[in-house]
Structure formats: C-alpha cells, structure tokens
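Residue-level listing of the chains:
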Amino acid sequence: VFKMNVTLLSASRQPQAIEATSSEFFERWDRGARVQDVFGRSAVLGGPISFAYLDGAHTAEAVSAEFEAVDRHLLPGGFLLFDDSDDGGCFPAVTQVAQDVARHPSYRVVFKTPHYFFRKTQ
C-alpha cells in the first residue's frame with residue numbers, strides 16, 4: 001500500500017524508502033552502507049539528518065534507542081517529530097520519552113499537534 005500511495009502521489013519525486021528495523025537502519029547508516037530501497041533503487045546511507053519522524057516500536061526501550069540514534073546525526077536546527085506521543089494517548093512509553101526530550105537541554109518543543117515536534121538547538 002505504501003508503494004502504491006507513493007507512486008500515485010509522488011510519481012516524479014519518490015522518496016528513498018528503506019525497509020529495515022531502526023537498529024538495522026542505523027547500523028547501516030553509521031557505516032555508510034549501499035542499500036536497495038523498496039522501489040529497487042540504490043541508495044548510500046549516512047551523513048547528517050535535518051528531519052526525523054519517529055514511528056517505530058512503542059516500548060520505552062525502542063523509542064529511547066531510536067531517539068539516541070537520531071540524536072547522533074540530527075543537525076543543530078534540525079527537526080524531530082514523535083508519532084503517537086500525545087499526552088494521555090494510547091502509548092504512554094512514547095509520550096514519556098517525548099516528555100524527557102522536552103526537558104533535554106539540546107531540544108525545544110516547537111509545537112504539539114498533539115504529538116511532540118522538536119527542534120534541536122545545539
């Protein structure tokens with residue numbers, strides 16, 4: 001369904017979409033691996049990140065690990081959006097990690113949509 005929607009809505013500008021767990025993805029990212037995306041195109045991973053959307057497993061351990069992996073590469077001034085992080089929502093572990101990030105000295109809350117959307121300050 002993802003491939004069908006992207007093909008329909010972004011036929012001329014398809015994003016690179018890599019199918020992997022977060023730990024697999026960032027292991028590959030850290031070593032600058034050449035991978036094949038879901039559309040069969042080659043991509044070289046690695047480098048700084050300017051925007052990240054976290055929407056993985058909903059345990060505190062998984063969300064914390066994803067945040068730490070993204071934080072290593074997120075540029076100052078970059079943005080980070082946590083899915084399923086609304087206060088009082090169905091995923092309290094995600095909300096807790098987002099609230100912890102809200103207290104992190106290198107991040108500030110830009111707004112809540114109701115999900116937490118951050119900008120890295122340093």
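Asker: Let's hear about the overall build of the protein: which residues, and what values?
Answerer: A count of helices and strands for the protein gives four helices and six strands. Relative to the globule expectation of 14 Å for 122 residues, the C-alpha radius of gyration of the protein, 15 Å, shows essentially globular dimensions. Its C-alpha atoms put the protein at 40 × 30 × 25 Å along the principal axes. Relative to its 122 residues, the protein shows a buried fraction of 32%. Long-range pairs, those at least 24 residues apart, make up 50% of the contacts in the protein between residues at least 6 apart in sequence. A total accessible area of about 7300 Å² is found for the protein, and carbon and sulfur atoms account for 55% of it. Looking at charge distribution, the protein has the averaged site of its 12 positive side-chain charges lying 9 Å from that of its 15 negative ones.

Asker: Now, about the side chain of Asp86: what can you tell me, with residues and values included?
Answerer: Turning to its location among the elements, Asp86 is positioned in the loop between strand 4 (74–82) and helix 4 (92–102). Of the side chains with opposite charge, Lys112 lies nearest to the buried Asp86, which makes no salt bridge, at 9.2 Å. Excluding residues that lie within four positions of it along the chain, Asp86 makes contacts with Thr95, Pro114 and His115.

Asker: Kindly report on the nonpolar core, identifying the contributing residues and their values.
Answerer: Residues Leu80, Phe82 and Phe118 are the most contacted members of the largest nonpolar core, which totals 23 residues. Every element with two or more residues in this core is listed here: helix 2 (22–30), strand 3 (49–54), helix 3 (60–73), strand 4, helix 4 and strand 6 (116–120). Those residues within four positions of Leu80 in sequence are excluded, and the remaining contacts are Ala52, Leu54, Phe67, Val70, Leu74, Tyr107, Tyr116, Phe117 and Phe118.

Asker: An account of the packing of helix 2 against helix 3 is needed here, citing residue identities and associated values.
Answerer: Between helix 2 and helix 3, the least distance of the axes is 10 Å, while the angle of their chain directions is 20°. By the angle between their axes, helix 2 is roughly parallel relative to helix 3. Like other packed secondary-structure pairs, helix 2 and helix 3 cross with a definite hand, here left-handed. From helix 2, Ser22, Phe26, Trp29 and Asp30 reach across to helix 3, where they touch Glu66, Ala69, Val70, Arg72 and His73. Taken together, the residues that form the contact of helix 2 with helix 3 break down as four nonpolar, two polar and three charged.

Asker: Mind laying out the pattern of salt bridges, listing which residues take part and the relevant values?
Answerer: Counted under the stated rule, the structure contains six salt bridges. Two residues, Asp37 and Arg41, come together in a salt bridge whose shortest N-O distance is 2.7 Å. On the basis of relative accessible area, Asp37 is assigned to the buried category, the value being 5%. Here Arg103 and Asp100 are joined by a salt bridge, their closest N and O atoms 2.5 Å apart. Taking relative accessible area as the criterion, Arg103 reaches 57% and is therefore assigned exposed.

Asker: Tell me about the pairing of strand 6, and name the residues and values.
Answerer: Among the five residues in strand 6, four count as buried, and that is most of the element. In the sheet, strand 5 (residues 107–112) pairs with strand 6 via five bridges, with the strands oriented antiparallel. Residue pairing for strand 6: Val109 is matched across the bridge by Phe118. If you look at the hairpin formed by strand 5 and strand 6, you'll find three residues sitting between the two strands.

The rules behind each value
- Residues numbered from 1 in each chain as written.
- Predicted model: local features only at pLDDT ≥ 70, side-chain atom pairs only at ≥ 80, totals over all residues.
- Heavy atoms only, no water.
- Helix = DSSP H or I, 4+ residues; strand = E, 2+ residues; numbered from the N terminus.
- Rg over C-alpha atoms; globule rule 2.2 N^0.38 Å.
- Buried < 20%, exposed > 50% of the residue type's maximum accessible area, 1.4 Å probe, protein only.
- Contact = heavy atoms within 4.5 Å.
- Areas by Shrake-Rupley, 256 points an atom, 1.4 Å probe, with all protein chains shown as cover.
- Lys, Arg positive; Asp, Glu negative; His and termini not counted.
- Charge placed at Lys NZ, Arg CZ, Asp CG, Glu CD.
- Salt bridge = Lys/Arg side-chain N within 4 Å of Asp/Glu carboxyl O.
- Core = buried A, V, L, I, M, F, W, Y, C linked by side-chain atoms within 4.5 Å.
- Axes fitted to C-alpha atoms, helices over the stretch in contact; angles between N-to-C directions.
- Parallel < 35°, antiparallel > 145°, perpendicular 65-115°, else oblique.
- Left-handed = near helix turned anticlockwise from the far one by under 90°.
- Nonpolar A, V, L, I, M, F, W, Y, C, P; charged D, E, K, R; others polar.
- Pairing = 2+ DSSP bridges.

On their own, these measurements won't tell you what the molecule is for.
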